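Chain by chain, the residues:
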Amino acid sequence: MIKKITLLLFIGFLLSPFLFFGQNISLYTQVNGRYDFTFVGNTMNTAENNPTNFYVTNTSSSATLNLGPSDTVIRAYLYWAGSGDGDFDVDLNGTNITPDRTFSHSRFFNPSTFTYFSAFKDITTLVQTTGNGTYTLSNLDISPFEALHYSRKTNFAGWAILIVYENPALPLNQLNIYDGLQGVPDALQIDLTNLYVLNNANAKAGFIAWEGDSQLPTETFTVNGTVISNPFNPPNNVFNSTNSVTGSNQLYNMDLDIYDIDSYISIGDTNASIALTSFQDFIMINTVVTKLNSQLPDATIVLNNPSTLCDSRDVNLNFTVSNLNSTEVLQANTPITFYAGTLAVATTYTQNTIPIGGSENGTITLNIPSSVPLNFTLLAVVDDTGNGTGVRPELIENNNSFQIEIELIVSPIFNPLNSLTSCNLGLTRGIFDFSGYAALVSTNPTHLISFHETYNDAVQNINPIGNSSNYDAITTPKEIFVRIDNGCFSVTSFQLLTENCPPVVYNAVSPNGDGSNDTFFIDGLRDIFVNFELLIYNRWGKHLWTGNNNKADWNGYVEEGIGSTLAPAGTYFYILNLNDPNYKEPLTGYLYINR
């Protein structure tokens, strides 16, 4: 299953008297389809720099694009380069261009370090709009550095556009585009592994290279160990100021070379090696393009909408298997394995043949073993049998996986809550403050806590109690339900209880009808100690009045058989029998009537 395209780059310093620093050539992008490629571009040099005894570099040059009537531009990448630290503000057909990416290279000639640059811009839309015709790159100026580079005859500038085009008559091809800015001397090797060449017809390799001199025949280009050439590039003079597209040999100090390599690639090949060498001529490779008829699928997978239920270890999810970047259909029964962390938990299979550019949707329920923690990475790998092996050769084998983070949610644990007791305000009514219970019940500060009067309200998370710091319970015992929520929820409860607190006696009575202290009032007595008995005596011990929960407070009148007699001002005594098991002894004291 695993296929990689790797670049092995070797710089042989032992054969070179100079030190080089640059960006190694590496894979930039890969496209698959009925595609081919070509180059259009030109040098800014009016002559080769090596034999010329004057500055040779201009700031503008032109080239013509001439695609066939059935060719459609798919990609267009502009590269420009030159000596020095870089000019990154140029014009193409009057349009200002600034780079998407830049590259640099340096080499040391005692006593100076010489610098070189290149730049990249995706100009696909511009070329698609312009089409065939003349392209002029201007305002590429290396003049601040030309004197220094002229001393070593490495003064140059130039530009090129890599065109990827589609033609319905072409077979399905794989184009790999590599770029960077890597110096040759001495050797650059690109190894393409795990190919699947079904047809070697019209296999090609192309280069954008800078600073080659035709008078220094010291370079070779090999494919699978065989030195190859074409009519424009002799076997020992690969970088010789030529343009394979136009046949020009006056592309001074740059090369746009395309080689047919079908004789060196065989049907059934699973790897290929491309190597460039130069043992005297200083060359910089900017871009390498390969085209191979490698008809293979490319399976990818995306996971969507994972869902879990509370207190369940099942994960329900949708997935999409695609065959987008491909040159062949993806067969049915391609395996898909799902991993919870590193543990394979399920394998399923695609149901249908997926066409080029097509997709298939699926659903699956995964049961996650108890050994897997609640938080884990869910990994899906298409074309995976569960032991790291696949069944389908693919164009790209390192894009088969997709992962998401999963959290299995269980109902939160909580701390038990004690009953809360308040004084009986009458008929078991009480005022309670249980606002602090939110912090007491929770085992995690992120949990959401709410209080409810019924279990149903707590389950449905409706009608929360809003005044937990001053809650008025009309009757008690009263059960309060607590919802603890972390996405799932738990419900617990506690009791609100009342107790009969000691009554408070107000012993000053002034029964004058002014509404203040008109009766003998005992707070916390009525409707609380419902069986109480209150006895009033004068100072000589004569019983004057008896009260209970069904009788109004004493208003200073002495009940005598028929009618009543006004009790004179003075001190009186009371005996209060609460008749409550918690208050077995009567309360006694005095009161004073003031008239």
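Note that the coordinates shown come from a computational prediction; the quantities given were computed from them, not determined experimentally.

Student: An account of the environment of Leu192 is requested, with residue identities and associated values reported.
Tutor: If you trace the backbone, Leu192 turns up in strand β14 (residues 187-193). Residue Leu192 is classed as buried on the basis of its relative accessible area, which comes to 1%. In contact with Leu192, other than residues within four places in its own chain, are Asn176, Tyr178, Thr270, Asn271, Ala272, Ile274, Thr290 and Leu292.

Student: Provide a residue-level description of empty space enclosed by the protein, including the pertinent values.
Tutor: Tallied over the entire structure, the rule returns two cavities of 30 Å³ or more. In this structure, the largest cavity encloses a volume near 80 Å³. Phe520, Phe521, Ile522, Leu525, Arg526, Phe532, Leu534, Trp545, Gly547, Asn548, Asp553 and Trp554 together form the lining of the largest cavity. Elements with a minimum of two residues in the lining of the largest cavity: β36 (521-523) and β38 (543-547). In this structure, the second largest cavity occupies an estimated 30 Å³ of space. Put simply, the parts of the chain that give the lining of the second largest cavity at least two residues each are β19 (271-278) and β20 (283-293).

Student: Which residues make up the packing of aromatic side chains, and what values do they have?
Tutor: In the structure shown here, the tally under the stated rule is 24 aromatic pairs. Geometrically, the ring pair formed by Phe37 and Phe39 is edge-to-face, given 5.8 Å between the ring centres and 65 degrees between the ring planes. Across the pair, Phe39 and Phe37 agree in class, each one buried. The interplanar angle of 75 degrees and the centroid separation of 6.1 Å between the aromatic rings of Phe207 and Tyr259 together place this pair among those described as edge-to-face. Within this pair, whereas Phe207 is found in strand β15 (residues 199-210), its partner Tyr259 is found in strand β18 (residues 254-260), the two being separated by 52 residues in sequence. In this structure, Arg101 packs its charged tip against the face of Phe120, placed 4.2 Å from the ring centre. Just above the ring of Phe489 sits the side chain of Arg483; from NZ or CZ to the centre is 3.9 Å.

Reading the values: rules and limits
- As a convention, each chain's residues are numbered from 1 in the sequence order in which they are written.
- Per-residue local features of the predicted model are confined to residues with pLDDT of at least 70, and side-chain atom pairs are confined, for both listing and counting, to 80 or more; whole-chain, interface and lining totals are unaffected and use all residues.
- Computation of side-chain values: all heavy atoms of the structure, hydrogens and water removed.
- Secondary structure counts use DSSP, requiring at least four H or I residues in a row for a helix and at least two E residues in a row for a strand, with both numbered from the N terminus.
- Buried means the residue's accessible area, taken with a 1.4 Å probe over protein chains only, is under 20% of the maximum for its type, while exposed means over 50%, and partly exposed covers the values in between.
- Should any heavy atoms of two residues lie within 4.5 Å, those residues are counted as being in contact.
- The rule is simple: put a 1 Å grid over the protein atoms alone, call a set of points where a 1.4 Å probe fits but cannot get out a cavity, call an open set with protein on both sides within 12 Å along at least five of seven lines a pocket, and count a residue as lining if it has an atom within 4 Å of a point.
- Grid points are joined across faces, edges and corners, and a volume is the space filled by probe spheres set on the points.
- Side-chain rings of Phe, Tyr and Trp, where Trp is taken by its six-membered ring, are said to pair if the distance between their centres is within 6.5 Å; with planes under 30 degrees apart they count as stacked, over 60 as edge-to-face, and otherwise as tilted.
- Criterion for a charge above a ring: Lys NZ or Arg CZ within 6 Å of the ring centre, and within 35 degrees of the ring normal.

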